[in-house]
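Structural overview
Single-letter residue listing:
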Amino acid sequence: ERLWNLCGSYITAVSQESDLRAKGTNFDINTYICLRREVSAVRICDCLFEYVHGFDLPDAVFEDPAFTAMYWANVDMIGLANVCYFFYDDERLY
């Protein structure tokens, strides 16, 4: 169920980002981070590890503060790396 929910969040975020970019909207940093967390699809990839290996982490794991901090650090690091790698391409398009 987590995978399907994340897929829905991803599709919503990609649509939202596309609309905002088409309107030329500039993001404040908090909005940008929240949107990038979803658009990067890192959360879906993380969830696919569970699916591929045939297990579901209990919700209690995701509610653990240490796990949550590690989880979001992972998402943000990969998202930031993608921004750095593709910044020039994005700037060239607009």
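Below is a summary of the structure that appears in this document. (Residues numbered from 1 in each chain as written. Predicted model: local features only at pLDDT ≥ 70, side-chain atom pairs only at ≥ 80, totals over all residues. Heavy atoms only, no water.)

**Re the state of the cysteines**
Within this structure, the stated rule accounts for zero disulfides. Here C47 stays free of any disulfide, with the sulfur of C7 as its closest cysteine sulfur at 7.8 Å. (Disulfide = S-S within 2.5 Å.)

**Remarks on helix α1 (residues 2–22)**
When the terminal C-alpha atoms of α1 are compared, their 30 Å separation across 21 residues agrees well with the 30 Å that a helix rising 1.5 Å per residue should span. Buried within α1 are the following residues: L3, L6, A13, E17 and L20. Seen along its axis, α1 keeps its buried residues to an arc of 115°; they face one direction. Among the exposed residues of α1, those oriented more than 90 degrees off its buried face are W4, I11, T12 and A22. (Helix = DSSP H or I, 4+ residues; strand = E, 2+ residues; numbered from the N terminus. Expected span 1.5 Å × (residues − 1). Buried < 20%, exposed > 50% of the residue type's maximum accessible area, 1.4 Å probe, protein only. Arc of directions from axis to C-beta.)

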